[in-house]
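This is what each chain is made of:
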Amino acid sequence: MAVREILRMGHPILRQRARALTAAEIGDSKLSALIEDMVDTLADSGGIGLAAPQIGIPLRLAIIRIPGGPSRYGEIEEVPLTIYVNPEIEVLDGSEQGFWEGCLSVPGLRGYVERPRGIRVRWLDTSGQPQAAAYQGFLATVFQHEFDHLDGRLYIDRLKDTSKLMFEEEFARFGDPVEAID
Ligand code: ZN
């Protein structure tokens, strides 16, 4: 178990398309060790999601843990710590909604990104069993953000208006919370 270094924007691994895990890899103890490191790293960072490429491992693997409860986006549903192996997204509601996103690999910044409002996620659990769940609102954005990392994409690539990219301190002072709620 270890907290790994989180790669920052500019590292080439963050821009690669990660490869899928094979059936043999999914059952292997090496994967369990990697997941333990990801869990430790996420807890240490204070973030809500981490994709394997963010710690330099170009595999289609991500973890998400959302505490839930009241937030500036309203009441958020809790997502207990879940491991997503080879996840895929299907858009259920393509109408767009915007949130101010941040990223552990782009520290200190926030940007306003619009994405589809409703999605279904399919993935394999750590036993290789298929799982599926549907998400809307803020959670739909979180999953799209995390799984973009598996395709070498960062949220800043999806900014439509670069005047809505801010440092966190300026966001706190000048950001528009009404717009953030959408
Ligand atoms: Zn990110």
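Anything mentioned here points back to the structure above.
Residues numbered from 1 in each chain as written. Predicted model: local features only at pLDDT ≥ 70, side-chain atom pairs only at ≥ 80, totals over all residues. Heavy atoms only, no water.

**Quick look at the pattern of salt bridges**
For step 1, the next point in the chain: Scanning all chains against the criterion turns up 13 salt bridges.
For step 2, the next point in the chain: Across the pair D157 and R15 runs a salt bridge whose closest N-O atoms are separated by 2.7 Å. Here R15 lies in the segment before α1 (23-26) and D157 lies in the loop between α3 (137-148) and β8 (165-167), a separation of 142 residues in the sequence.
For step 3, the next point in the chain: Residue class for D157 comes out partly exposed when judged on its relative accessible area of 38%.
For step 4, the next point in the chain: What makes R15 partly exposed here is its relative accessible area of 40%. (Salt bridge = Lys/Arg side-chain N within 4 Å of Asp/Glu carboxyl O. Helix = DSSP H or I, 4+ residues; strand = E, 2+ residues; numbered from the N terminus. Buried < 20%, exposed > 50% of the residue type's maximum accessible area, 1.4 Å probe, protein only.)

**A word on the coordination of the zinc ion**
For step 1, the next point in the chain: Donor atoms from the polypeptide that coordinate the zinc ion comprise C103 (SG), H145 (NE2) and H149 (NE2), at 2.1 to 2.2 Å from the metal.
For step 2, the next point in the chain: Note on H149: relative accessible area 1%, which makes it buried. (Donors = N, O, S within 2.8 Å, 3.2 Å for Na, K, Ca; no water.)

**Notes on α3**
For an α-helix, 3.6 residues make a turn, and residues three or four places apart therefore share a direction.
For step 1, the next point in the chain: The end-to-end C-alpha separation of α3 is 17 Å, in line with the 16 Å expected for 12 residues at 1.5 Å each.
For step 2, the next point in the chain: The element α3 is extensively covered by neighbouring structure, given that 12 of its 12 residues are classed as buried.
For step 3, the next point in the chain: Taken together, the buried positions of α3 are occupied by G137, F138, L139, A140, T141, V142, F143, Q144, H145, E146, F147 and D148.
For step 4, the next point in the chain: Of the surrounding secondary structure, the elements contacted by the buried residues of α3 are β1 (49-51), β2 (61-66), β4 (74-76), β5 (79-103), β6 (106-124) and β7 (130-136). (Expected span 1.5 Å × (residues − 1). Contact = heavy atoms within 4.5 Å.)

**Re the environment of N86**
For step 1, the next point in the chain: Assignment of secondary structure puts N86 in strand β5.
For step 2, the next point in the chain: At 2.8 Å, the side chain of N86 and the backbone nitrogen of L21 are in polar contact. (Polar contact = N/O pair within 3.5 Å; in protein donor to acceptor, adjacent residues only side chain to side chain.)

**Overview of the nonpolar core**
For step 1, the next point in the chain: Ranked by size, the top nonpolar core spans 19 residues in total, and within it Y84, V121 and F143 carry the most contacts.
For step 2, the next point in the chain: Those elements that provide at least two residues to this core are β2, β5, β6 and α3.
For step 3, the next point in the chain: By residue number, the principal contributor to this core is α3, which donates 6 residues.
For step 4, the next point in the chain: Once residues lying within four places of it in the same chain are set aside, the contact partners of V121 are Y84, E88, I89, Q131, A132, A133, Y135, F143 and F147.
For step 5, the next point in the chain: L21, I26, L31 and M38 belong to the second-largest nonpolar core, a separate cluster that totals 17 residues. (Core = buried A, V, L, I, M, F, W, Y, C linked by side-chain atoms within 4.5 Å.)

**Side note on the environment of Q54**
For step 1, the next point in the chain: As for its position among the elements, Q54 is in the loop between β1 and β2.
For step 2, the next point in the chain: Q54 sits in the buried class, given a relative accessible area of 1%.
For step 3, the next point in the chain: As a C-alpha pair, Q54 and R8 span 46 residues in sequence and 7.7 Å in three-dimensional space.
For step 4, the next point in the chain: Dropping the residues within four chain positions of it, Q54 is found in contact with E5, I6, L7, L14, G49, C103, L104, S105, E146 and H149.

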